[in-house]
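Observations on chain architecture
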Amino acid sequence: MERTDTPQPFISKSYWNAHRPHVLVVACSDGRYQKALDDFLQTSLGITDYDRMYVAGGPGALASSSLSFFRGEQFRQDTAFLIDRHGIERVVLIFHGPLLDGGPRDAVCADYDRKMPYASPAEIHAQHQKDLVEVLRGMRRAKSSLSIEVFRAEVRGDHRVQFTPLAEPDDQYGRGIA
Ligand SMILES: [Zn+2]
């Protein structure tokens, strides 16, 4: 006798997009700010379709400050692979944490908290800048023509999330972010 309770597939209203978006967003897995991130990407940057590298720590996972050398190296290789095979031309890097002026302490990125357990939010923000120099260098090594934008999702005291462009790091090669 045929079972009547066979699970049925869900068929999405959205279609497969045969064209690659050529945009890569690197952000933290943290689900607490994802709706704000989606809103920012779509409303502020006009990005609706994009490849995602969502891992704990976001861009920080690609830095040598990552929890282990092997973790950082693995994500660097994976990112270089996406840049190459998916024809990435534009990259958006998103760090996250509390707004220093009144943001909630528990908005600190858990990945940064585990590698810098005694650091203040300000010290973690400073680490973002250090990691950024390295991450940008690695990405440009993978593809020198990349357009790269960098932001930090900052949780305010009222729990709204603001996306602040990060200042150009003091790169010893004197090159800008974009
Ligand atoms: Zn995080």
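It should be noted that the structure appears before, not after, this text.
Residues numbered from 1 in each chain as written. Predicted model: local features only at pLDDT ≥ 70, side-chain atom pairs only at ≥ 80, totals over all residues.

Let's talk about the overall build of the protein chain
The number of helices and strands found in the protein chain is four helices and five strands. Along the protein chain, from the amino end to the carboxyl end, the secondary structure elements read β-α-β-α-β-α-α-β-β. For the C-alpha atoms alone, the extent of the protein chain along its principal axes is close to 70 × 40 × 35 Å. Per-residue burial for the protein chain yields a buried fraction of 30% across its 178 residues. (Helix = DSSP H or I, 4+ residues; strand = E, 2+ residues; numbered from the N terminus. Buried ≥ 20, exposed ≤ 12 C-beta atoms within 10 Å, placed from the backbone.)

What about the sheet that holds strand β4 (residues 147-155)?
Pairing is mixed across the open sheet formed by five strands, whose spatial order is β2-β1-β3-β4-β5. Taken across any chain shown, the strands that pair with only one partner, and hence form the sheet edges, are β2 (51-54) and β5 (161-165). On average, each strand axis in the sheet is inclined to that of its neighbour by 20 degrees, with strand direction left out of account. Relative to strand β3 (residues 90-98), strand β1 (residues 23-27) runs parallel, the two being bridged by four bridges. The partner of Val 26 across the bridge, within β3, is Leu 93. (Pairing = 2+ DSSP bridges. Axes fitted to C-alpha atoms, helices over the stretch in contact; angles between N-to-C directions.)

With respect to the nonpolar core
Membership of the largest hydrophobic core comes to 34 residues, with the highest contact counts inside it found for Val 25, Val 26, Val 91, Leu 93, Ile 94 and Val 135. In contact with Val 25, not counting residues within four places along its chain, are Leu 41, Tyr 50, Arg 52, Val 92 and Ile 94. (Core = buried A, V, L, I, M, F, W, Y, C linked by C-beta atoms within 7 Å. Contact = placed C-beta atoms within 7 Å.)

Observations concerning the pairing of β2
Where β1 meets β2, four bridges bridge the pair, whose relative direction is parallel. The residue of β2 that forms the bridge with Leu 24 is Asp 51. Taken together, β1, helix α1 (residues 34-44) and β2 form a β-α-β motif whose crossover is right-handed. (Right-handed = clockwise from strand over helix to strand, strands pointing away.)

Here's the deal with helix α4 (residues 121-142)
With 22 residues, α4 extends 31 Å between its outermost C-alpha atoms, agreeing within 8% with the 32 Å of an ideal straight helix rising 1.5 Å per residue. Taken residue by residue, α4 has Pro 121, Ile 124, His 125, His 128, Asp 131, Leu 132, Val 135, Leu 136 and Met 139 as its buried positions. Residues of α4 that are buried sit in contact with β3, α3 (110-115) and β4. (Expected span 1.5 Å × (residues − 1).)

Quick notes on unusual backbone geometry
Phi is mostly negative for residues that are not glycine, and the peptide bonds are mostly trans. Residues other than glycine seldom take positive phi values, yet His 22 does so here, at roughly 60 degrees. As for its placement among the helices and strands, His 22 is situated in the segment before β1. Accessibility expressed as a C-beta count within 10 Å gives 14 for His 22, which makes it partly exposed. You will see that His 159, though not glycine, has its phi angle at about 70 degrees, which is positive. When you line up the elements, His 159 lands in the loop between β4 and β5.

Describing the pairing of β1
Most of β1 is tucked away: five of the five residues are buried. Neither face of β1 is left uncovered, since the one carrying Val 23, Val 25 and Ala 27 and the one carrying Leu 24 and Val 26 both have all their residues buried.

Quick look at the environment of Phe 69
Looking at the element boundaries, Phe 69 is found in helix α2 (residues 69-85). Look at Phe 69 and you get exposed, because 9 C-beta atoms sit within 10 Å.

In short, shape yes, function no, at least from these values alone.
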